[in-house]
Amino acid sequence: MKQIRFDKSKIQNPKSKIQMRYIPNSPEERDEMLKVVGLGTADELFRSIPADVQLNRQLKITEPLAEPEVIGAMENFASKNAAARKTSFLGAGVYSHYSPTVVDHLIQRSEFFTSYTPYQPEVSQGTLQYIFEFQTLICQLTGMEVANASMYDGSTAMAEAFLMAQRVTRRDKVVIAQTVHPEYLEVAKTYTQHGDLTIETVHFDQKQGRILTDELSKLDDKTAALVVQSPNFFGCIEDLQALADKAHNIGALFIVVVTEAISFGLLKSPGECGADIVVGEGQSFGIPMSFGGPHLGLFATREKYVRNMPGRLAGIAYDKNGNRGFVLTLATREQHIRREKATSNICTNQGLIALAATVYMETMGKKGLQEVAMQNAQKAAYAAKRISELENFSLPFSAPRFNEFVVRAPKNASEMLEDLHASKDVIGGLALSRYYSENPNDFLVCVTETNTKAQIDNLVESLQSVV
Amino acid sequence: MSNNIPENLRYSKDHEWVLVDGETATIGITDYAQHALGDVVYVDMPRVGDALSSHEAFGSVESVKAVSEIFTPIAGEITEVNEALNDDAEKVNTDPYGEAWMIKIKMANPLEADAMLSAVEYEEYLSANA
C-alpha cells in the first residue's frame, strides 16, 4: 500500500498558489488579447500615465483569503458593531424605525436587486412603475405636485434645492436657518463652493429652539430662497406658514427640509404650509441606519418649477391602443441630453433604496404611517416629561416637537453620555457641543416606536444615577 | 418642402428671423426651424433687462425630439419677452413669424441687422444646405 507522505509545502502556504478566481478570462486569454493589441504585459496599458505618479508597489491590503477566512474576518468585524443592538436614543438625521420583513423580502427579488437606474428606461417597465409610485407617494406626503425619482440623500437633495432656487429666481443668496442639520449645511457648502452662491444663516431663538419670523433681516431682494428644517435639528417644529409668507413677500422660494420622514404621518404637510421645494431624507421609510448610508434623498416641488428640477422623473403615457405604460419624462433637463445646461449633474437615482421606501410606505399605508408617527410623538412626549421632572434636568426649548427634544443636563453632556454608556449600556442621545459650542450641557434625545416604555423608564433612572 | 420666408425680415444661418423697427428688433425662429424641430412643447425664455451680445444663446426651444438653443443674431438689451409662449408653445409651429415672436431687443448696433441674410439669400442658403 502506497503511503501518503507528509509534504510540508502542501499545507504551509496554500494561498501562494491561488489564482484570482473571479476574473472571467484566463491568463492565456489575457496574453492573447495583449498580443493582438501589440503589448507584452498589462502594465504597458498604463504607459500614458507618467512614471512619477505611478504607484510602483502593491497595494497595502492583506493577502488573498479563502472563503471561510473571509467569513471569519467579516464576523469579527460584525461583532464590533455592538451599538446597533444597544438601547439607543440617537436620532439627529438617522432614525431607528421598525421595517416590516416584506421590505427586504421584496427588494431582494433579482429583478429589482440587480438592476441599475434605467438608462434604457422604457424596457424597464417594472422599475419605472415603482419609481412612479414612489414619486406619487412623496407628492402625497409632502403636499407637492411633482417629485423626482430620488437623489443620493437628504443633504445633497438640499444642496440641489439651493441650485434650483438660484435657477428659478436668478438670485444668488440663500438664507438658511441655523436649526437645519449642521451636517446638511456642511454638505451644501461643499456642494456649492465653486459656484456664485452665498449662504447666510439665521440664528435661532434660545427660548423657543426655532427661528423667529421677526428676525429675518437677512431676507432681501437678492435672496433666492429661505431654507428651514422642520422638525428642526432640535426636534422643534418651525412655524412654516409664517416663514413661507416672509419668503414669498420678497420673491424668494421657500425650501423645507425634512430629515425625519415619519413626521409626515402627523404634521401638516410642507406643501400646505406654502413650501415651493421640499427636500428630505427618506431613511426612516424601511431603510437601515447602516452607519449613515446609503440613504434616500427626497425632492419635490411645484409643477410650475418642474423644468428646473434636478433628477430623473418617471411619468405615465398611453400608446395608440390606449395601453398604459411608464416612461422617463422631461429628460431634456438631464445631462445626457443637455450637457452643461442640465439642471444637475445627477441623472441617476437611489433605485433600490427608493424601492424599499416605496414598499415600506405601501405596506404601512396611510393609517399605519399615522399610527407610527403618533407613537413616536407620544413616546417622545412621555420621555420628555419624565426627564424634565428629574432634579437639575430641564428642557430648554418651548416650541412644539415631534420625536426629538433637547435636554439640558446639570453637567457636561458629552462626558455624562459616555458615562451612561459605560455604566448602563445605554446610548442616551447626542451631545450638541459637537455642533453648537454655546451649551455644552445640552444633548438631543430621540424616541421612536422601537423604544419601549421600559427602555424610556430605564433611561430616566440611569440619567438620574450618573449625575 | 417649401418654406415660408417673408420678404420683410432678415435671417440668420442659425434659422432665426429679425424684424427691425427703428431701434427695436423682434426675434423669432423660422418656419424651416420649427419644421425641423417638430412639435414644440416648451420655450425657455430669458428675462426683460438681460443684455445679450450677438450670437449669444438667449433661450431654448424644446420639441418632442430635441432641445435647441436660440441665438440672438444681434446684440442689445431685452425690452420685451413673449410670455404667451409659456402656456402656448405650439404657436411656434403654427405661427412662427407672428404670434410666436420670442423677444424684442433694443439694438446696440442696428448695422448688425443689415449684415444678416435677406429673404432671397436665406432661401438660397436653405436650398444649398438643407
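Residues numbered from 1 in each chain as written. Chains lettered and ligands numbered in written order. Predicted model: local features only at pLDDT ≥ 70, side-chain atom pairs only at ≥ 80, totals over all residues.

Let's hear about the overall build of chain A: which residues, and what values?
In terms of helices and strands, chain A carries 13 helices and 14 strands. Across its three principal axes, chain A shows a C-alpha extent of roughly 90 × 65 × 55 Å. Split into buried and exposed, the 467 residues of chain A put 41% on the buried side. Looking at chain A alone, contacts between residues at least 24 apart form 73% of all its contacts between residues at least 6 apart. (Helix = DSSP H or I, 4+ residues; strand = E, 2+ residues; numbered from the N terminus. Buried ≥ 20, exposed ≤ 12 C-beta atoms within 10 Å, placed from the backbone. Contact = placed C-beta atoms within 7 Å.)

I'd like a rundown of the overall build of chain B, residues and numbers included.
The helix and strand inventory of chain B stands at five helices and nine strands. By the compact-globule yardstick of 14 Å for 130 residues, chain B fits well, its C-alpha radius of gyration being 13 Å. Along the three orthogonal principal directions, the C-alpha set of chain B runs to about 35 × 35 × 20 Å. Of the contacts formed within chain B by residues at least 6 apart in sequence, a portion of 65% connects residues at least 24 apart. (Rg over C-alpha atoms; globule rule 2.2 N^0.38 Å.)

Give a description of the domain arrangement of chain A that names residues and reports values.
Domain annotation for chain A reports domain 1 (8–68), domain 2 (86–95 + 367–466) and domain 3 (101–360). A C-alpha centroid distance of 53 Å is found between domain 1 of chain A and domain 2 of chain A. (Domains from an automatic or database assignment.)

I'd like to hear about the pairing of strand E14 (residues 442–446) of chain A, residue by residue, with values.
The side chains of a regular strand alternate between both faces of the sheet. All names here are of chain A. With five of its five residues buried, E14 lies for the most part within the structure. Where burial is concerned, the two faces of E14 agree: the one with Asp-442, Leu-444 and Cys-446 and the one with Phe-443 and Val-445 are both buried. Pairing analysis gives five bridges linking strand E11 (residues 404–408) to E14, with the strands arranged antiparallel. Within E14, the position partnered with Phe-405 by the bridge is Val-445. Relative to E14, strand E13 (residues 430–431) is paired through two bridges, and the arrangement is antiparallel. In the strand pairing of E14, Leu-430 is matched with Leu-444. (Pairing = 2+ DSSP bridges.)

Give a description of the sheet that holds strand E3 (residues 24–29) of chain B that names residues and reports values.
Backbone-to-backbone hydrogen bonds join strands into a sheet, with any given pair of strands oriented parallel or antiparallel. Residues and elements named next belong to chain B. As summarised here, the arrangement of the six strands in space is E1-E2-E3-E9-E8-E5, forming an open sheet in which the pairing is antiparallel. The sheet is open, and its two borders are formed by strand E1 (10–11) and strand E5 (51–52), each paired with just one other strand. Relative to strand E9 (residues 103–107), strand E8 (residues 76–81) is paired through five bridges, and the arrangement is antiparallel. Each residue of the ladder has a partner; that of Glu-80, found in E9, is Lys-104.

Would you mind going over the sheet that holds strand E6 (residues 57–63) of chain B in detail, with residue names and values included?
All names here are of chain B. Strand order in this open sheet of three strands is E4-E6-E7, and the pairing throughout is antiparallel. Both outer strands of the open sheet, strand E4 (40–44) and strand E7 (67–71), are each paired with one neighbouring strand and no more. Sheet twist, expressed as the average angle between the axes of neighbouring strands with direction ignored, equals 25°. The sheet contact formed by E6 and E7 spans five bridges and is antiparallel. Its bridge partner being in E7, Glu-62 is matched across the sheet by Val-67. (Axes fitted to C-alpha atoms, helices over the stretch in contact; angles between N-to-C directions.)

Tell me what's going on with the environment of Asp31(B), and back it up with residues and numbers.
Residues and elements named next belong to chain B. Looking at the element boundaries, Asp-31 is found in helix H1 (residues 31–37). Sequence separation between Asp-31 and Asp-95 is 64 residues, and the spatial gap between their C-alpha atoms is 8.2 Å. Setting aside its immediate chain neighbours within four residues, Asp-31 contacts Asn-3, Asn-4 and Pro-96.

Got a sec to walk through helix H11 (residues 351–388) of chain A? Specific residues and values, please.
When the terminal C-alpha atoms of H11(A) are compared, their 43 Å separation across 38 residues is substantially less than the 56 Å that a helix rising 1.5 Å per residue should span. The largest bend along H11(A) reaches roughly 95° and is located at Gly365(A). (Expected span 1.5 Å × (residues − 1). Bend = angle between axes of the 7 residues up to and from the residue.)

How would you summarise unusual backbone geometry if you had to cite specific residues and measurements?
Between Ser230(A) and Pro231(A) the backbone carries a cis peptide bond, its omega angle lying at -10°. Within the secondary structure, Pro231(A) is located in the loop between strand E5 (223–229) and helix H9 (240–249). In the segment running from Gly293(A) into Pro294(A), the intervening peptide bond is cis, with an omega of 5°. Relative to the assigned elements, Pro294(A) resides in the loop between strand E7 (277–281) and strand E8 (297–301). One non-glycine residue, Asn392(A), lies in the positive phi region at around 70°. Here Asn392(A) shows up in the loop between H11 and E11. Residue classification places Asn392(A) among the exposed positions, given that 12 C-beta atoms sit within 10 Å. At His55(B), a position not held by glycine, the phi torsion is positive, near 70°. You can see His55(B) is positioned in the loop between E5 and E6. According to the C-beta neighbour criterion, His55(B) is exposed, with 12 such atoms within 10 Å.

Break down the environment of Glu69(B) for me, citing the residues and quoting the values.
Locating Glu69(B) in the fold gives a position in strand E7. Along the chain, Glu69(B) and Lys106(B) lie 37 residues apart, while their C-alpha atoms are 21 Å from each other.

Break down the nonpolar core for me, citing the residues and quoting the values.
Residues and elements named next belong to chain A. Among the nonpolar cores identified, the biggest contains 122 residues, and Ala-165, Ala-225, Val-227 and Ile-255 are the most heavily contacted of them. With 17 residues, H11 is the largest single contributor of residues to this core. If you count residues domain by domain, this core takes at least three from each of domain 2 (86–95 + 367–466) and domain 3 (101–360). When sequence neighbours within four positions are dropped, the list of residues in contact with Val-227 reads Val-174, Val-175, Ile-176, Ala-177, Val-180, Ile-255 and Val-257. (Core = buried A, V, L, I, M, F, W, Y, C linked by C-beta atoms within 7 Å.)

Kindly report on the confidence of the model for chain B, identifying the contributing residues and their values.
On average, residues of chain B score 92 in pLDDT, and 98% of them are at 70 or above. On the interface metric, ipTM, the complex scores 0.73, and its pTM is 0.84. (pLDDT = per-residue confidence, 0-100.)

Go over the packing of helix H7 (residues 154–169) of chain A against helix H8 (residues 182–192) of chain A with me, naming the residues and quoting the values.
Residues and elements named next belong to chain A. The N-to-C vectors of H7 and H8 enclose an angle of 50°; their axes lie 8 Å apart at closest approach. Between H7 and H8, the angle falls in the class oblique. Both H7 and H8 take part in a crossing whose hand is right-handed. Where H7 approaches H8, its residues Gly-154, Ser-155, Thr-156, Met-158, Ala-159, Phe-162 and Leu-163 are matched on the opposing element by Glu-183, Tyr-184, Val-187, Ala-188, Tyr-191 and Thr-192. (Parallel < 35°, antiparallel > 145°, perpendicular 65-115°, else oblique. Left-handed = near helix turned anticlockwise from the far one by under 90°.)

How would you sum up helix H3 (residues 67–79) of chain A? Please name residues and give values.
In an α-helix there are 3.6 residues to a turn, and that puts residues three or four apart on one side. Compared with an ideal rise of 1.5 Å per residue, which puts 13 residues at 18 Å, H3(A) spans 18 Å between its outermost C-alpha atoms and is within 8% of the ideal. Counting buried residues along H3(A), only zero of its 13 residues qualify, which leaves the element largely exposed.

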